[in-house]
Amino acid sequence: MILSLLYMLFFFKKKILKGWIGETRALVMAMCSCFHSFIPSWRPISIVGVRRNHSILAISESSVKNASGVGEVELASARAKIGDSHIEKKGSVEIDAGDLGVLYEDGFGTMSVEDYFSAAKQIIKPDGGPPRWFCPVECGKPIKNAPLLLFLPGADGTGVGLILHHKSLGKAFEVRCMHVPINDRTPFEGLVSFVEHTVRFEQAMSPNKPIYLLGDSLGGCLALAVAARNPTIDLVLILVNPATSFGKSQVQPLIPVLEGLPSNLHNTVPYLLSFVMGDPVKMAMTSVPDDLAPPELLNELSNSLTSLLPYLSDLADIIPRETFLWKLKLLKSAAAYVNSRLHAVEADVLLLASGKDNLLPSGDEAERLCSSLKKCRIRYFKDNGHTLLLEDGINLLTIIKGTYTYRRSKRCDFVDDYLPPTMHEFKKIFEQEDRLFRVATSPVTLSTLKDGKIVRGLDGVPGEGPVLFVGYHMLMGLELGQLYEEFLRERKIALRGMAHPALFYNMRQNSRPEFSRFDYMNVFGALPVSPANIYRLLSRKAFVLLYPGGAREALHRKGEEYKLFWPDQPEFVRMAARFEATIVPFGVVGEDDVAELFIDYDDLMSNPFTKKWVEDFNKDAIRLRSDVGGELAQQEIYIPGLLPKVPGRFYYLFGRPTETRGMKDVLSNRDKANALYLQIKSEVERTMSYLRRKREEDPYRSIIPRIMYEGSWGFKKQAPTFDF
């Protein structure tokens, strides 16, 4: 009778489809028992019957008895082969970050939640062994000097909760996952000691590299505990909905009921938990392609949801009653242990919190932890549930890159630690999120050959660095997205844009900042403007994007469209000449065709309320060009008022490249440096004057004839433009 009531509650609490999804949701991370079983020696395990091939490099019980971590096992086993196989230490693979290539395939999106369940179903046989580490084979070979990333799972203990991210993270990290067998009853302090031994060993082996602890739910408590006990070790914590707030969980009232539930009714527990776990649609969407039309998308989503239903029959085997009750006690002790030691955590912390976490109050807890931890940043995902790492749209490597959390030494290096954008990141931003803006503005890109001939495309732009692009900054930097896209799409060149430091250090005043366009700037190569960064980029033959007008030009006043605000000193000419870089001046027009500025800096400063807001916003901001007088020294950041227009068209023109090879005299002769500086500035003004004049001849400058033309080609062919 009770079982029937539970099923009725489940199916009628929500719609039928929603209920089915909820069942699947309960499978994911709802106190599942351990899925992994390990063989008695190191070897790849091929999992038969899984929809996509994935396997695990495992460490046996006998291998870990006398070792505190994987590294010790590797060193011990390197001297003697086990069976017919031997250990290959992943960290020894020498792959440079540059070898990844711009727009490389990171493998993200090739795995799904269905793969998670398929892998779990094949390896749920308990072996009675202790906790151990395993290296997912699908992670592949990491880049040179890759840091170690230890994944600490949630209460399920399987270690396969990172499966959607194995391939992408495996390019940048040496990934190892922790597995706690199904019948293991190691207390929380014992798990802390297990991880701690590995951390200390790895730190001794590579003292100059950080160690990443990626903790999911219960694993977040584990990561914080290890960091609190080892404040002198260079650790980077990535916490995903940490269970430090388990005492405030919405399932607390149900715990006495669950503990007293008869064993023959235990198979109903996952259905009860289905109401409080992750977003089912986002989990099902992990196996649905991103580029489908709406009817095809709905059909694929329906098929994905349906394909997950057969796994419901395995719930009783996956969640043994004794294991479930033990995990509840483990969560209680973990939260109590960690909350009393937060003051001792010295590590860098990136905290990922879900807005629809119905299991834990993760949003509020993120704010509390951020105020308690010394070095903590938050990214808030308002539309995601507790199982964040198993939901669609969450690319963990992109988040790590976008928040500048990735480093391979003691400090984050904007130049050496840079990872090029992936094809997945390119498609997400430029072919999905920015697609409508590109269709609306249909940018025309022109470049100038060495003989002065103007051609369409980027053929006139040098293909080898170092190259310094110098140009005009549109209002609010509206030109940046499509500028980056053109270089990536046509030439596979990743521009390293020089940006105001405030965009990196002073833009996170919201207590729950979301992963935003500012973070994607970092992903695609932006870094704080400074002479040191420009120097190092040019010395590495990079493609550098510089706006001498800076914030004053991007946040100009009314009537100042297409006016350059460059300083009198040749800030960049000598730097380019030092490394014999090619300088490419360029101009952009079209901002007046898409937006009208109706509230500018002068308007804001004339009102006492908005004036105080601007002053407070810039109170702690980094000041650039403090040695320059006049308005160029007052590059304050603010948000102007814009009125959108019926979109016109964007036009880019890259002028004739200026080679500085053989211009060493520019380094010592101020007059020659100034002459070259003024020549480049004049070329930028000339390109804009040319574009403003010629756009009047473009028959497709207005959006209506342009949309009609491009729509007739299925938006696969761009409308022509003026003659040049």
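Counting starts from 1 at the beginning of each chain's written sequence and moves along it residue by residue. Where totals are concerned, whole chains, interfaces and linings use all residues; where local detail is concerned, this predicted model gives features only for residues with pLDDT of at least 70, and gives and counts side-chain atom pairs only at 80 or more. Water and hydrogen atoms play no part in the side-chain values, which are based on all heavy atoms of the structure.

**Quick word on the nonpolar core**
Our working definition: Within this scheme, the nonpolar core is defined by two criteria: the residues are buried Ala, Val, Leu, Ile, Met, Phe, Trp, Tyr or Cys, and they are joined through side-chain atoms within 4.5 Å. Burial classes: relative accessible area under 20% of the type maximum marks a residue as buried, over 50% as exposed, and values in between as partly exposed (1.4 Å probe, protein chains only). Counting from the N terminus, the helices are DSSP H or I runs at least four residues long and the strands are E runs at least two residues long. Note on contacts: a residue pair is in contact if any heavy atoms of the two residues lie within 4.5 Å.
Judged by nonpolar contacts, the single largest core of 115 residues is most densely connected at Phe-173, Phe-469, Phe-572 and Phe-654. At eight residues, the largest contribution of residues to this core is made by helix α27 (residues 670-694). The residues touching Phe-469, leaving out its near neighbours within four places in the chain, are Val-461, Phe-487, Leu-495, Phe-543, Val-544, Leu-545, Leu-546, Val-584, Phe-586 and Phe-654. Counting 54 residues, the second-largest nonpolar core is a separate cluster that includes Leu-148, Ala-227, Phe-324 and Val-338.

**Comments concerning the environment of Lys-401**
Stated precisely, the cut-off is as follows: We call two N or O atoms a polar contact when they sit within 3.5 Å, provided that within protein one can donate a hydrogen and the other can accept it, with sequence-adjacent residues counted only if both atoms are side-chain atoms.
As for its placement among the helices and strands, Lys-401 is situated in helix α16 (residues 396-402). The class of Lys-401 is buried, set by a relative accessible area of 7%. Along the primary structure Lys-401 and Leu-419 are separated by 18 residues, whereas in three dimensions their C-alpha atoms are 7.6 Å apart. Every residue in contact with Lys-401, bar those within four places of it in the chain, is listed here: Leu-419, Pro-420, Pro-421, Thr-422, Glu-425, Asn-522 and Val-523. In this structure the side chain of Lys-401 is engaged in a polar contact, spanning 3.2 Å, whose partner is the backbone oxygen of Pro-420.

**Regarding helix α28 (residues 703-712)**
Let me state the cut-off plainly: The arc in question is the one spanned by the directions pointing from the helix axis to the C-beta atoms.
Looking at α28, one finds that the buried residues are Ile-703, Arg-706, Tyr-709 and Glu-710. Looking straight down α28, one finds its buried side chains confined to an arc of 135°; they lie on one side. Looking at α28, the residues exposed on the side facing more than 90 degrees away from the buried face are Ile-704, Met-708 and Ser-712. Looking at the packing, one finds that the buried side of α28 touches α18 (435-441). Positive backbone phi, approximately 70°, marks Gly-714, located one or two places after α28.

**Overview of the pairing of strand β6 (residues 211-216)**
Along any regular strand, the residues point their side chains to alternate faces of the sheet. Filter applied, for reference: Being paired, for any two strands, means DSSP has found at least two bridges between them. Orienting the strands away from the viewer, one traces the path from the first strand over the helix to the second; a clockwise path indicates a right-handed crossover.
When you tally the buried positions in β6, you get six out of six residues, the bulk of the element. With burial as the criterion, each face of β6 is covered, one bearing Ile-211, Leu-213 and Gly-215 and the other bearing Tyr-212, Leu-214 and Asp-216. Relative to β6, strand β4 (residues 148-152) runs parallel, the two being bridged by five bridges. Note on β6: the bridge partner recorded for Leu-148 is Ile-211. Sheet topology note: the β6/strand β7 (residues 235-240) ladder contains six bridges and is parallel. Opposite Ile-211, over in β7, you have Leu-235 as the bridge partner. Crossover handedness for the path β6 to helix α8 (residues 218-229) to β7: right-handed.

**Quick look at the packing of helix α7 (residues 188-205) against helix α14 (residues 321-339)**
The condition that has to hold: Between N-to-C directions, angles span 0 to 180 degrees; the directions come from axes that are lines fitted to C-alpha atoms, helices contributing only their stretch in contact. For classification purposes, angles smaller than 35 degrees are called roughly parallel, those larger than 145 roughly antiparallel, those between 65 and 115 roughly perpendicular, and all remaining angles oblique. Gly is put with the polar residues, along with every residue not named as nonpolar or charged; the nonpolar set is Ala, Val, Leu, Ile, Met, Phe, Trp, Tyr, Cys and Pro, and the charged set is Asp, Glu, Lys and Arg.
Closest axis-to-axis distance for the α7/α14 pair is 9 Å, and the angle between their directions is 65°. Classed by the angle they form, the pair α7 and α14 counts as roughly perpendicular. In this structure, α7 uses Phe-188, Glu-189 and Leu-191 to contact α14, whose residues at the interface are Leu-330, Ser-333, Ala-334, Tyr-337 and Val-338. For the contact of α7 with α14, the class distribution of residues is six nonpolar, one polar and one charged.

**Details of unusual backbone geometry**
In this structure, Pro-466 follows Gly-465 across a cis peptide bond, with omega equal to 5°. Along the polypeptide, Pro-466 turns up in the loop between β11 (454-456) and β12 (467-471). A positive phi angle, near 45°, is found at Asn-241, a position not held by glycine. With relative accessibility at 0%, the residue Asn-241 sits in the buried group. Here the phi dihedral of Lys-541 falls at roughly 60°; this positive angle occurs in a residue that is not glycine.

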